[in-house]
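# Descriptive analysis of the structure
Listed below, chain by chain, are the residues.
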Amino acid sequence: MDVSSPIPSHLDRTADAGNVVVNIGPSHPATHGTIQIVAELDGETVKRADVHCGYLHRGFEKEAEHHTYHKVIPYVDRLNYCSALNNGFAYAEAVEKLLGIEITRRCIVLRTLLCEYNRIADHMTCVAASIMEMGAMTAFLYLMTVRDYIFEHLNHLTGARLTYSYVRIGGLARDLPEGWLTRLEEILVFAEEYLERIHGLLDRNRIFIDRTRDVAVMTPEHALNWGFTGPTLRSTGLAIDLRKDAPYLAYPELDFEVPVGIKGDNYDRYYVRMCEIDESIAMVRQCVRLLSDGPVSVDDPRVTLPAKELVYTQIEALVHHFKLVSEGIVVPPGEIYVSHEAPNGELGFYLVSDGTSRPYKLHVRAPSFVHMGGMHTLLEGYQVADVVPTFGSMNMVGGECDR
Amino acid sequence: MTGRAPLSYEAIERELGGLVERSWQSFGMPVLELRAENLLPLVTRLRDRFDFALFLDVTAVDYPERSPRFDVVYHFYSRRHNQRIRLKVRVPAERPVVPTLAGHYGSARYMEREVHDMYGIEFAGNEDLRPILLYEGFVGHPLRKDYPIEREQPMVPYRTG
């Protein structure tokens, strides 16, 4: 069978003579993210699928080995660029644990707040994109409106809409600007109103249910076997969530539920994400109440830059600043695996330090990558028209998947 | 939740002692170092007796001056014990082979392909080790320490079929 494809797929050779092999992607309007799916079709049914990623590979892990610990931060932001703060906080925690740094109370609460705030934006992106591909333009625009308010609001805090470079080893780049929390509450109220509309538009919508209910169903055992984590795993009914199982940051103090699905189909993945947004909104509000005054960064000469006015007036501070910027921070030898509950699932950083100022090895356990490894099992046996909703429900993010 | 006691160090020693070369704790996570031939029996026991049903991650670390040169590093999660565990297998540069875990965990298929791409580690028994993050025609293994970061790759001929 002659298929023009940049990757050799075994389906070209092994497909049944009566079946058709089609190529979807890597540049396809419905694969938001560059991914290629080679599918063997029997009529309208996908018999077998071969999912191929890597089109966005930029050598993140190799670059990390050649940069100082602080200079890795902008690269980390470009993993899952819909929720860059979550990536940054997980990476920073890995380095901080190796250094033995305890971050400040205000920083813990702020990081938790921002994790959940960014999770709202990430889940909204996922739901918006996947329903838009099913033709629900209004719901898409509602969600994108809220998402953009959130990104503009984060822009006010960090200076960028998506790739924030906001985390620092031992703290955060800067404290909240004037009036940020007031605007936060306005956006949360706005988001709740719009989420209600989304529920009204979709939850009992005949077309939406027909496209998603009982499509790409899986059991908990199947999900575990294929390494699914996050909302994809929880859609099968398993309440596995790092925020509960291995609480980090301020999560032990927060009151929240872990929403789970019933049978792990596309509808459940949609609904779990929507419920998680509700939980996240409640968590953001709890974090605002927990927020106390104090510094956002530790006062540790190993990692923290001296104050600017001292750099300009004192030679010791100038040398200190110079050493931290040009040499970088020195991390004691050791290895650590730190994982956070990112919006897509378990995001792990495996960091090996050899005692210099650059990581000896920095590996990312990217949930999207593992999800793509098992996605063919959810495509096979369903219609070719289900490929797009199923792919959408997994929320693959190219930056994170291909690194 | 009940029955979610963390895995005790003694239980690991008792059940797995014979298969493990060395074991220690690293930031609260048990680390087991073992020989490649003991990997499959150990993983089978971890999965069946301790419920390590979620295979999280596999990667490698390159130590060019050391012999054997590579560490292949695995991470697993057990829901029953609410615990993560790390396995390390040392493999030599001359014969960088470990058995595949694809028979135990579906997720191993994709992740092993990445390690094969990046380090040239062979996963014996994994029949699908096509490039995944790289492409057909890529020369070398970019995450090995002797691969210079600025190296350029040869042009791949235009593919038509």
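Our subject is the structure listed above.
Heads up: these notes are all about the structure in this document. (Residues numbered from 1 in each chain as written. Chains lettered and ligands numbered in written order. Predicted model: local features only at pLDDT ≥ 70, side-chain atom pairs only at ≥ 80, totals over all residues.)

### Quick notes on the overall build of chain A
A tally of regular secondary structure across chain A gives 18 helices and eight strands. The C-alpha radius of gyration of chain A comes to 22 Å, within 12% of the 22 Å expected for a compact globule of 403 residues. When the backbone C-alpha atoms are referred to their principal axes, chain A occupies close to 80 × 45 × 35 Å. Taking all 403 residues of chain A together, 53% fall into the buried category. A sequence separation of at least 24 residues applies to 70% of the contacts in chain A between residues at least 6 apart. (Helix = DSSP H or I, 4+ residues; strand = E, 2+ residues; numbered from the N terminus. Rg over C-alpha atoms; globule rule 2.2 N^0.38 Å. Buried ≥ 20, exposed ≤ 12 C-beta atoms within 10 Å, placed from the backbone. Contact = placed C-beta atoms within 7 Å.)

### A word on the overall build of chain B
When helices and strands are tallied, chain B shows three helices and seven strands. Helices (α) and strands (β) of chain B occur, in sequence order from the N terminus, as α-β-β-α-β-β-β-β-α-β. If you line up chain B on its principal axes, its C-alpha atoms span 60 × 35 × 25 Å. Counting the 161 residues in chain B, one finds 39% classified as buried. Long-range contacts, defined as pairs at least 24 residues apart, comprise 47% of the intrachain contacts of chain B with a sequence gap of at least 6.

### Structural notes on the packing of helix α12 (residues 266-290) of chain A against helix α17 (residues 387-394) of chain A
All names here are of chain A. Remark: α12 packs on α17, axes separated minimally by 9 Å, with the N-to-C direction vectors making an angle of 30°. In terms of their interaxial angle, α12 and α17 are classed as roughly parallel. As for how α12 packs across α17, the hand of that crossing is left-handed. When α12 is examined against α17, the residues Asn266, Arg269 and Tyr270 are found in contact with a partner set consisting of Pro389, Thr390 and Ser393. Of the residues assigned to the contact of α12 with α17, the class counts are two nonpolar, three polar and one charged. (Axes fitted to C-alpha atoms, helices over the stretch in contact; angles between N-to-C directions. Parallel < 35°, antiparallel > 145°, perpendicular 65-115°, else oblique. Left-handed = near helix turned anticlockwise from the far one by under 90°. Nonpolar A, V, L, I, M, F, W, Y, C, P; charged D, E, K, R; others polar.)

### Some details on the interface of chain A and chain B
On the chain B side, the residues contacting the 34 residues of chain A number 33 residues. Sorting the residues of the side of chain A that touches chain B by element identifies α2 (60-65), α9 (220-225), β6 (334-342), β7 (345-353), β8 (361-365) and α15 (367-374) of chain A as the ones contributing at least two each. Residue composition of the side of chain A that touches chain B, grouped by class: 13 nonpolar, eleven polar and ten charged.

### Focus: the sheet that holds strand β4 (residues 70-78) of chain B
All names here are of chain B. Spatially, five strands are ordered β1-β2-β5-β4-β3 in an open sheet, and the strand pairing comes out mixed. Every other strand in the sheet has two partners, leaving β1 (22-26) and β3 (54-62) as the edge strands with one partner each. Strand-to-strand, the axes of this sheet are offset by a mean angle of 20°, without reference to chain direction. Where strand β2 (residues 29-34) lies against strand β5 (residues 83-91), four bridges are found, and the strand directions are parallel. Bridged to Glu33 within β5 is Lys88. Helix-sheet contacts for helix α3 (residues 108-119) involve β3 and β4, and the interaxial angle to β3 is about 5°. (Pairing = 2+ DSSP bridges.)

### Digging into helix α14 (residues 315-326) of chain A
All names here are of chain A. In a regular helix each residue adds 1.5 Å, so twelve residues correspond to 16 Å; α14 covers 16 Å between its end C-alpha atoms and thus fits that length. Sparse coverage of α14 is indicated by the burial of one of its twelve residues. Downstream of α14 by one or two residues, Gly328 has phi in the positive range, about 90°. (Expected span 1.5 Å × (residues − 1).)

### Quick notes on the sheet that holds β7(A)
Residues and elements named next belong to chain A. If you trace the three strands from one edge of the open sheet to the other, you get β6-β7-β8, paired in antiparallel fashion. The open sheet has two edge strands with one neighbour each: β6 and β8. Averaged over all neighbouring strand pairs, the angle between strand axes comes to 15°, with direction disregarded. Examined bridge by bridge, β6 and β7 share nine bridges and lie antiparallel to one another. By the bridge assignment, Ile336 is partnered in β7 with Leu351. The sheet contacts of helix α4 (residues 84-99) involve β6 and β7, and relative to β6 the element is tilted by about 150°.

### A closer look at the environment of B:Asp57
As for its position among the elements, B:Asp57 is in strand β3. Residues B:Asp57 and B:Tyr77, spaced 20 residues apart in sequence, show a C-alpha to C-alpha distance of 9.7 Å. B:Asp57 has contacts with A:Gly348, A:Tyr350, A:Arg365, B:His75 and B:Met111, leaving out every residue within four places of it along the chain.

### Comments concerning unusual backbone geometry
The omega torsion of the bond from B:Ser67 to B:Pro68 falls at -5°, within 30 degrees of zero and hence cis. Of note, B:Pro68 is situated in the loop between β3 and β4. In this structure, A:Leu249 is a non-glycine residue whose phi angle is positive, near 45°. Within the secondary structure, A:Leu249 sits in the loop between α11 (242-245) and α12. The class of A:Leu249 is buried, set by 23 C-beta atoms lying within 10 Å. Unlike most non-glycine residues, B:Asn82 shows phi in positive territory, near 50°. The residue B:Asn82 is located in the loop between β4 and β5 in this model.

### Looking at the environment of A:Asn344
Residues and elements named next belong to chain A. Residue placement: Asn344 occurs in the loop between β6 and β7. Given 29 C-beta atoms within 10 Å, Asn344 falls into the buried group. Considering only alpha carbons, one finds Asn344 and Pro367, 23 residues apart in sequence, at a separation of 6.1 Å. Leave out the neighbours within four places in its chain, and Asn344 touches Asn80, Gly230, Pro367, Ser368, Asn395 and Val397.

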